[in-house]
Amino acid sequence: MYSYLLDTFIVVAEMKSFTKASETLSLSVTAIMKQMNSLEDIVGFPLFTRSHQGLTLTKGGESIYKDAQFIIDYSKKAIIKAKEEMRIDSLSFCVGTSLLNPAKPFMDLWYKLNNRFKDYSIHLVPFEDTKEDILKEIQNLGIKFDFLVGICDSKTRLNYANYLQLGTFKKMIGVSRSHPLAKKDILEISDLENQTMMMVLKGDSPTNDKIREELTKLCPSLKIEDVGYFYDISVFNECAKSDKLLLTVENWEYVHPGIKTIPVKRDYSIGYGLLYQLNPIKDVQLFINDVKKHLKDNENK
């Protein structure tokens, strides 16, 4: 019942800062502090000592930190073990799918490479793209899903998953269909002058950081508005109802009907691929090996 509080507590304990934990979890500092206050109310003693240098665990906090890690890790291992044993009777791969991380790229790959896995079925497992829960969903790899397909140029996400790049998506700019720029079919850098563009926070994505740096140099009047480390539908809603631009990708062209996605005259792209558990079970690793061979064969053609 309180697992989400323990998840947040572990991140705060490791970051030693509510602010850094806020950036990692894409939650507000206030929300994280409220969660930690709730957890302290439940256990009945303080978990952190607060000072100008940051947060340190109390003795009680240290004890809960060790036990919480053990409980969460043990629970995940138990589920993974049970799932692996169940495959003996029911051979299948579970693939996560969502609005921003659709399963189509996986299915396109599956039909090219499933000869070795003819007895396997594919189960699509829907999940929500929310800033608050996306890291928890990625941590469910090996438990709830075997694979997710999506953009992964995120240092934070790669703490919780392996990643195999399949290709790249072009970076585009989204604008409200009522925005003057929506009349254009391609954008020049000069079109961005005196505009406000929403982007992910600096520091988590090397590709987005590089684009941010170049755009601000080429167009000093462009204002960047940070929206957290990850997007969700609220970011697209904000773009659709305002004059703000949104740095997006070609694969998200149809996420919001109120937004027109326009290419920009720069060679901007970002990688996408398969996310899978850090310690994959045998059949998952076999499929990954087949994908790697397929990609290598295509490179050599």
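The rules behind each value
- Residues numbered from 1 in each chain as written.
- Predicted model: local features only at pLDDT ≥ 70, side-chain atom pairs only at ≥ 80, totals over all residues.
- Heavy atoms only, no water.
- Helix = DSSP H or I, 4+ residues; strand = E, 2+ residues; numbered from the N terminus.
- Rg over C-alpha atoms; globule rule 2.2 N^0.38 Å.
- Buried < 20%, exposed > 50% of the residue type's maximum accessible area, 1.4 Å probe, protein only.
- Contact = heavy atoms within 4.5 Å.
- Lys, Arg positive; Asp, Glu negative; His and termini not counted.
- Charge placed at Lys NZ, Arg CZ, Asp CG, Glu CD.
- Phe/Tyr/Trp six-rings, centres within 6.5 Å; stacked < 30°, edge-to-face > 60°.
- Axes fitted to C-alpha atoms, helices over the stretch in contact; angles between N-to-C directions.
- Parallel < 35°, antiparallel > 145°, perpendicular 65-115°, else oblique.
- Nonpolar A, V, L, I, M, F, W, Y, C, P; charged D, E, K, R; others polar.
- Disulfide = S-S within 2.5 Å.
- Salt bridge = Lys/Arg side-chain N within 4 Å of Asp/Glu carboxyl O.
- Core = buried A, V, L, I, M, F, W, Y, C linked by side-chain atoms within 4.5 Å.
- Expected span 1.5 Å × (residues − 1).
- Arc of directions from axis to C-beta.

Asker: Please clarify how the overall build of the protein should be interpreted in this entry.
Answerer: On a plain count of helices and strands, the protein comes out with nine helices and 11 strands. Computed over the C-alpha atoms, the radius of gyration of the protein is 22 Å, within 12% of the 19 Å expected from 2.2 N^0.38 for a compact globule of 301 residues. Overall, the protein is about 60 × 60 × 30 Å in size when its C-alpha atoms are taken along their principal axes. Out of the 301 residues belonging to the protein, those deemed buried represent 50%. Relative to all contacts within the protein whose residues are 6 or more apart in sequence, the contacts with residues 24 or more apart total 74%. In the protein, the 40 positive side-chain charges and the 40 negative ones have mean positions that sit 3 Å from each other.

Asker: Can you walk me through the packing of aromatic side chains in this structure?
Answerer: Describing an aromatic ring pair means giving the distance of the ring centres and the angle of the ring planes. This structure, assessed with the given rule, holds 21 aromatic pairs. One aromatic cluster is present, formed by F93, F106, W110, F117, Y120, F147 and F287 through successive ring pairs.

Asker: Where do I start with the packing of helix α2 (residues 18–25) against helix α3 (residues 29–43) in this structure?
Answerer: Two numbers describe a pair of packed helices, the interaxial angle and the distance between the axes. Interhelical geometry of α2 versus α3 gives an angle of 110 degrees and a closest axis separation of 9 Å. Between α2 and α3, the crossing angle belongs to the class labelled roughly perpendicular. Contact residues: F18, T19, A21, S22 and L25 in α2; V29, I32, M33 and M36 in α3. Taken together, the residues that form the contact of α2 with α3 break down as seven nonpolar, two polar and no charged.

Asker: Please clarify how the state of the cysteines should be interpreted in this entry.
Answerer: A covalent bond between the sulfur atoms of two cysteines is what we call a disulfide. Going through the model one piece at a time under the given rule, you end up with zero disulfides. We note that C219 lacks a disulfide partner, and the nearest cysteine sulfur, in C239, lies 17 Å from it.

Asker: For this particular structure, what's the right way to read the pattern of salt bridges?
Answerer: Side chains that differ in charge, positive against negative, can pair when their charged atoms come close. Scanning the entire structure with this criterion turns up 13 salt bridges. Ionic pairing is found between D108 and K104, a salt bridge with its closest N-O pair at 2.8 Å. Of this pair, D108 and K104 both sit in helix α5 (residues 104–113), four residues apart, which is roughly one turn of the helix. Given a relative accessible area of 37%, D108 falls into the partly exposed group.

Asker: Please clarify how unusual backbone geometry should be interpreted in this entry.
Answerer: Positive phi outside glycine occurs at K16, with the angle close to 60 degrees. Looking at where K16 falls in the secondary structure, it is placed in the loop between α1 (3–15) and α2.

Asker: Explain the nonpolar core to me, please; I cannot follow it from the model alone.
Answerer: Side chains of nonpolar character tend, in soluble globular proteins, to be buried together. Among the nonpolar cores identified, the biggest contains 59 residues, and F106, F147, M197, Y231, L274, F287 and V291 are the most heavily contacted of them. Apart from the residues lying within four places of it in its own chain, the contact partners of Y231 are L100, M198, M199, V200, F236, L246, L247 and W252.

Asker: I tried to follow helix α9 (residues 282–299) on my own but got confused; where do I start?
Answerer: Side chains that are three or four residues apart share a direction in an α-helix, a result of its 3.6 residues per turn. In this model α9 runs 26 Å from its N-terminal to its C-terminal C-alpha over 18 residues, within 8% of the 26 Å that 1.5 Å per residue would give. Considered for burial, the residues of α9 that qualify are D283, V284, F287, I288, D290, V291, H294 and L295. Viewed end-on, α9 has its buried residues packed into an arc of 160 degrees, placing them on one side of the element. Opposite the packed face of α9, turned more than 90 degrees from it, sit the exposed residues K282, K293, K296 and E299. Packed against the buried residues of α9 are β3 (92–97), α5, β6 (162–176) and β11 (269–276).

Asker: Quick question: what am I supposed to make of the packing of α5 against α9 here?
Answerer: Where α5 meets α9, the axes come as close as 11 Å, and the angle between the chain directions of the two elements is 85 degrees. Here α9 runs roughly perpendicular to α5, going by the angle between their axes. Between α5, through F106, L109, W110, K112 and L113, and α9, the contact on the second element is made entirely by F287, D290, V291 and H294. Looking at the contact of α5 with α9 residue by residue, the classes come out as six nonpolar, one polar and two charged.

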